[in-house]
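Structure at a glance
Each chain, written out:
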Amino acid sequence: MKVFVSNVDSPLGHSLSRLLSLTLVGSRRPEEEPEEDDEDVEDKPKVEAPPKEPYVVVGTLTQRNSAGGVGLVPQPGPLVETGDRKKDAARKEAVEKFAVAGQKPKWVSETFPHGDRTLLRDTLLDCDVIIYDLTSCLDEASWAIEIQYTHEPAYAQLQPPALSELSDTFATKPKTFIAVSTIMTWARTKVDSDDPDTFITEDEYRRRKPHPNFKPHIAVEKNIIKHGKKAALRTFVVAAGLVYHSGESIFHYLLKSAWHNQDLVCYGDGSNSVPTIHMDDLCNIIVETVETLPEQKYMLAIDDAKSTLYEITKAVSESLGTGKVKKVAREAALLNKDLPQSDYDMLLVNLRLEPGHVREMSFEWKYESGLIENLPQLIQEYKQARGLTPLKIVVHGPPASGKTTFSKKIAQHYEIHYIDVDKVVQDALARLERRAAGTLPAPSDPTSAPEDDEDEDVDSARELLEELREAAKANNGKYPDEHVIHFLRDKLRSMPCRNQGYVLDGYPNTVDEAKEVFKSDNEDDTKEEKILPTGDPLLTPDVVISLEASDDFIKERIMNLPESAIAGTKNSEEALTRRLEDFRAANTEENTVLNYFDELEIHPFVVPADTNDADAVMGLIIQNVGKPHNYGPTPEQVAEQRRVVEETKAKEAAAAEEDRLRREKEELDRHTKAVADWNTRLEEIRKQEQEVLESQSVPLRNYLVKYVMPTLTKGLIEVCKVRPEDPIDHLAEFLFKVGGAEGH
């Protein structure tokens, strides 16, 4: 049997298509009993029924906004096996149920585009069951169920007829049309004024009044019910409450804020009753409807809880966050950019509804008692689906080997909490001082009177504070180990450490300290010592990093530090030498705290730290620890990273352009200087040649002056006097005559 599901990459389409692909056709239908009055029923040969096959699912994908970056699409966490089959199976299921926009689930056989209505119509006609989510595909669902004609001005064209018109053509193969709507079409339904606390029942669906923003939804609901009166087209409307799950649900903003250790916000006074349902239960209701085809055409899909918005918010804060809830004006929700208008309308709805037919269905509910009663399980699914498991790290190593430096770098990279034991003790003492002064109230015992409980807590805080001060004074400022470990265990149990994780800087140092810090609460100290140690899964680390550096390297590195960096620390030459000796004595091959973690199957990995290249050491740590266990960068952080990358590229391009211009200028200056040098040398050569010519022309000049110039001068004077017509010929005759007379 073929089923069409709209938007198979949406949370509803993803989960519903998965459940359908795992459901055998007819497996949820009641078995038909043989008729008692049939006498020949035993004589008839038994005919084996054909084997049941799962539903074949096709559908569409959501129309994503091309402006959004691919990296901003929510993704499930990485699937990392722990070795625990039960936990790994639950984690795999949670990751598998996580919908990724734009990604076709592996169990969906084929997807089709929204825009091609002709192809979509042929697909719908080929399917036996059609399921539309009205909250995301309202217009398409309306088109699919009713007749639409479009008369274009240029040409009249009849659009492909929809299912209701073609219902007569598949009378031999009836189709089922299920619309998944929302209880927002009931939002303005009036209750009995004489009894305002009464519930509105499912049978009263004909008088339901919608929220103003959901009027189109109720119109489509009515059309679907109307067209279902035809025998060949069976239609159903399932009005779901506020759907919650481990993915991008309406309550995700609460879970996300609580996981980030933020105080939660309740819009309005929070007294409004909010009908809810878990995604798995909603999908089971839809599949049960596909299988059994009930007489009831309109169904409310809500659980039995009658929780208010404040109760839900408070429960999430106490179970996952700080436990604090702040009530703000309803209008403040409009400033939350992560809260769409439709979610805003749903969160502020106030409805007391009573479901009907869903209580008669045979499937096993998952969260029938509601969100609050099953919140621990939901939180576990939420963390598993998104890979939000706490990352707990212990950094071990000799004094001055860089434990604090790398612990802080690890905390920054993985966005987990840096824990220094001395700081933990200081904070605990500060809280004790405030409590002893009466400025920090402690949680009171509900069985005792508030006044008596408060006085008793103040007195006990004063006694403990005095005890700690006296012990520190008698032990050179060192507090008793049992109290230090108690403070540290409280810190590791805190919600921030349980959510994100921690990196513990240089502690514990001994096996005894490790046993006391990480032991389970139900461990009986009176029993005989166990062969293998056990730890509290909530406290024990996931990763143990052992920094390894020689004493000579550590001493040389400290010696190279300025005196101002060493003053007032434990790194003076004498103190450092003593600390190194104590560390080596306490960490022999047979007796080291690392052996304790080995016995817990938490095998430490050694990181060579005898180098001044901190980036290389950090790279090795990241390679061994793996990826962060968090949400990853926010859209703002992604935008900031892009801005930084673009600025860096712009600076690099500007620097490259500046370098190019500088090199061109240098080349031009070099060429100009070379030309100038060449011209200078050429001028010198010319002068030298001139001098040579002049020096060589002196004898010739003397010869001409003595023997040629006198006679030639006379001839020229004669020519000037006579001024013959041919002066050259006259000069030649004169020179010949004079030369012959003088015997030349």
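Quick note: structure is the one above.
Residues numbered from 1 in each chain as written. Predicted model: local features only at pLDDT ≥ 70, side-chain atom pairs only at ≥ 80, totals over all residues. Heavy atoms only, no water.

**Let's talk about unusual backbone geometry**
In the segment running from Y507 into P508, the intervening peptide bond is cis, with an omega of 5°. By the secondary structure assignment, P508 is in the loop between β18 (501-505) and α17 (511-518). The backbone of N7 shows a phi angle near 50°, a positive value even though the residue is not glycine. (Helix = DSSP H or I, 4+ residues; strand = E, 2+ residues; numbered from the N terminus.)

**A short note on helix α4 (residues 138-145)**
Along an α-helix, a turn takes 3.6 residues, which lines up residues three or four apart on a common side. Here α4 lies mainly inside the structure; seven of its eight residues are buried. Taken together, the buried positions of α4 are L138, E140, A141, S142, W143, A144 and I145. (Buried < 20%, exposed > 50% of the residue type's maximum accessible area, 1.4 Å probe, protein only.)

**Thoughts on the pairing of strand β2 (residues 56-60)**
Of all the five residues making up β2, four are buried; the element is thus mostly covered by neighbouring parts of the structure. Across four bridges, the pairing between strand β1 (residues 2-5) and β2 is parallel. Paired with K2 across the strands is V56, a residue of β2. The pairing of β2 with strand β3 (residues 110-112) spans three bridges and is parallel. (Pairing = 2+ DSSP bridges.)

**A few points about the pairing of strand β19 (residues 543-548)**
Judged by how many residues are buried, β19 sits mostly within the fold: five of six residues are covered. Alignment of strand β16 (residues 391-396) against β19, held across four bridges, turns out to be parallel. Note on β19: the bridge partner recorded for H396 is S546. Two strands pair when backbone bridges link them, and β19 and strand β20 (residues 605-608) are joined in this way by four bridges, in the parallel orientation. Its bridge partner being in β20, S546 is matched across the sheet by V606.

**Describing the sheet that holds β18**
On the basis of which strands lie adjacent, the open sheet formed by five strands has the order β17-β18-β16-β19-β20 and parallel pairing. For this open sheet the edge positions go to β17 (417-419) and β20, each flanked by a neighbour on one side alone. In this sheet, neighbouring strand axes are inclined to one another by 25° on average, regardless of whether the strands run parallel or antiparallel. (Axes fitted to C-alpha atoms, helices over the stretch in contact; angles between N-to-C directions.)

**Quick look at the side chain of E513**
Within the fold, E513 resides in helix α17. Lacking a salt bridge, the buried E513 has K478 as its closest oppositely charged neighbour, with an N-O distance of 6.1 Å. Other than its neighbours up to four places away in sequence, E513 contacts I485, Y507 and P508. (Lys, Arg positive; Asp, Glu negative; His and termini not counted. Salt bridge = Lys/Arg side-chain N within 4 Å of Asp/Glu carboxyl O. Contact = heavy atoms within 4.5 Å.)

**Concerning the packing of helix α13 (residues 421-436) against helix α15 (residues 481-493)**
Where α13 meets α15, the axes come as close as 9 Å, and the angle between the chain directions of the two elements is 90°. Relative to α15, α13 is oriented roughly perpendicular. Of the residues in α15, those in contact with V421, V424, V425, A428 and L432 of α13 are V484, F487, L488 and K491. Residue composition of the contact of α13 with α15, grouped by class: eight nonpolar, no polar and one charged. (Parallel < 35°, antiparallel > 145°, perpendicular 65-115°, else oblique. Nonpolar A, V, L, I, M, F, W, Y, C, P; charged D, E, K, R; others polar.)

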